[in-house]
Amino acid sequence: MSFEEFQNCARLYVIGALEPEELQDFEAARKQYGPAAEDFINQCYGLHEAFALSLKPAKASNAIKDKLMSMVRERGQGQSGPRSA
Amino acid sequence: MSSVVDPNLQAAPGSEPDVATSEKSMTSAVDREPGAPSDVDLMLGIQSGDADALSQLYDRYSGIMKALILRIIHNETEADDLLQEVFMEIWNQAKNFSAEKGKALGWMVTLTRRRAIDALRKKQAYARAEERLQAEPERQPLAWVENATEKDIEAGDTRVLMAKVINSLPEAQQQVIELAFFQGMSQREIAFHTNIPLGTVKTRLELGLKKIYDGLKELRDEL
């Protein structure tokens with residue numbers, strides 16, 4: 001796979017649109033191109049940002065935030081930070 | 001056909017944003033008060049267990065995250081529930097974020113989109129969404145523009161710039177990207193859903209994503 005073909009696949013990969021049979025070749029090329037491949041994939045995740053930022057923000061509920069913060073602080077009482085997975 | 005871009009935020013003819021005035025929002029993703037912590041600062045705060053950092057991150061990005069969730073699952077109550085779950089996951093998984101690997105917003109959007117698409121499929125709403133998409137009348141970009149107020153456009157330079165890049169695509173490419181990104185469909189599912197040959201779906205996706213990627217790169221280089 002050429003690097004240009006890899007780039008095309010990488011853009012599909014980050015949005016989860018690579019078909020299973022394409023994934024194997026993609027992963028092989030990813031290894032082949034090493035850091036340049038990883039760097040390009042990271043850049044491709046900018047596509048996610050672009051799609052999200054193209055949306056008009058929705059009104060998020062204050063009640064949801066209060067509930068969230070209550071849960072976080074409750075959990076925080078017994079530990080010093082986010083729990084380990 | 002549905003567009004990738006939010007209906008209310010398409011760049012109106014004659015209202016193209018001045019790129020120079022958009023630098024602030026491009027570099028910080030959203031406007032923030034002078035002296036306010038950066039996204040990375042907030043993520044580092046969350047990593048160290050600072051709940052106030054999560055509170056600030058919520059204030060900054062909950063609107064965008066909810067819009068993304070709503071775009072995928074189309075249900076206000078479910079979107080609120082999922083938004084809460086997403087921010088809880090951000091709190092729990094913050095240790096996996098590395099500023100060297102990418103921006104905080106990108107990391108959060110990736111996580112949010114995945115959770116929303118998972119929810120869509122788990123609730124077996126996938127088929128219903130498909131039906132809705134098929135039944136949905138074609139929305140006209142001009143009507144969307146008319147719904148956007150000048151204030152919306154001024155306040156959303158980043159969104160307008162992004163919308164401008166995405167809207168420059170042919171509708172056929174926007175359609176397949178919409179189905180892949182916001183509905184989480186595979187190339188085969190898109191081909192089945194649209195009756196377009198698989199090879200054509202792949203070509204349209206590749207061309208569309210490349211144009212968006214190149215457009216964003218150009219935009220960032222200009223800034």
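The structure displayed is predicted, hence computed values, not measured ones.

A. Structural context of the overall build of chain A. Counting its secondary structure elements, chain A contains four helices and zero strands. Mapped from its N terminus to its C terminus, chain A presents α and β elements in the order α-α-α-α. Looking at chain A residue by residue over its 85 residues, the buried ones come to 38%.

B. Up close: the environment of A:Gln24. Note that A:Gln24 resides in helix α2 (residues 20–44). Expressed as a C-alpha distance, the spacing of A:Gln24 and A:Ala58, which sit 34 residues apart in the sequence, is 39 Å.

C. Focus on the confidence of the model for chain A. The share of residues in chain A with pLDDT of 70 or more is 88%, and the mean pLDDT across the chain is 87. Summarising per-element confidence for chain A, the mean pLDDT is lowest in helix α3 (residues 46–53) of chain A (85) and highest in helix α1 (residues 3–14) of chain A (94).

D. Quick look at the interface of chain A and chain B. Each side of the interface is counted separately: chain A has 40 residues, and chain B has 60 residues. Contributions of two or more residues to the side of chain A that touches chain B are made by α1, α2, α3 and α4 (62–77) of chain A.

E. Region of interest: the packing of helix α4 (residues 76–93) of chain B against helix α5 (residues 104–122) of chain B. All names here are of chain B. Running from N to C, α4 and α5 point in directions that differ by 135°, and their axes come no closer than 10 Å. One finds that α4 runs oblique with respect to α5. The two elements α4 and α5 meet at a crossing, and its hand is right-handed. In contact with Glu78, Leu82, Glu85, Val86, Glu89 and Ile90 of α4, α5 contributes Met108, Leu111, Thr112, Arg115, Ala116 and Ala119. Across the contact of α4 with α5, the residue classes break down as seven nonpolar, one polar and four charged.

F. Local environment of helix α3 (residues 51–73) of chain B. Residues and elements named next belong to chain B. Taking 1.5 Å of rise per residue, 23 residues should cover 33 Å, yet α3 covers just 28 Å from first to last C-alpha, more than 12% shy of that figure. The sharpest bend along α3 measures roughly 55° and falls at Tyr61. The buried fraction of α3 is high, at 17 of 23 residues.

G. Structural view of unusual backbone geometry. Backbone geometry at B:His74 places phi at a positive 55°, although glycine is not the residue there. Here B:His74 lies in the loop between α3 and α4.

H. Quick peek at the packing of α3(B) against α4(B). Residue and element names in this part refer to chain B. For the pair α3 and α4, interaxial distance at closest approach is 9 Å and the crossing angle is 135°. Looking at the two axes, α3 sits oblique to α4. Here α3 runs over α4; the crossing is right-handed. Residues Leu54, Tyr58, Ser62, Met65, Lys66, Ile69, Leu70 and Ile73 of α3 touch α4, and the partners they reach there are Glu78, Ala79, Leu82, Leu83, Val86, Phe87 and Trp91. Its residues placed into classes, the contact of α3 with α4 shows twelve nonpolar, one polar and two charged.

Conventions adopted
- Residues numbered from 1 in each chain as written.
- Chains lettered and ligands numbered in written order.
- Predicted model: local features only at pLDDT ≥ 70, side-chain atom pairs only at ≥ 80, totals over all residues.
- Helix = DSSP H or I, 4+ residues; strand = E, 2+ residues; numbered from the N terminus.
- Buried ≥ 20, exposed ≤ 12 C-beta atoms within 10 Å, placed from the backbone.
- pLDDT = per-residue confidence, 0-100.
- Contact = placed C-beta atoms within 7 Å.
- Axes fitted to C-alpha atoms, helices over the stretch in contact; angles between N-to-C directions.
- Parallel < 35°, antiparallel > 145°, perpendicular 65-115°, else oblique.
- Left-handed = near helix turned anticlockwise from the far one by under 90°.
- Nonpolar A, V, L, I, M, F, W, Y, C, P; charged D, E, K, R; others polar.
- Expected span 1.5 Å × (residues − 1).
- Bend = angle between axes of the 7 residues up to and from the residue.

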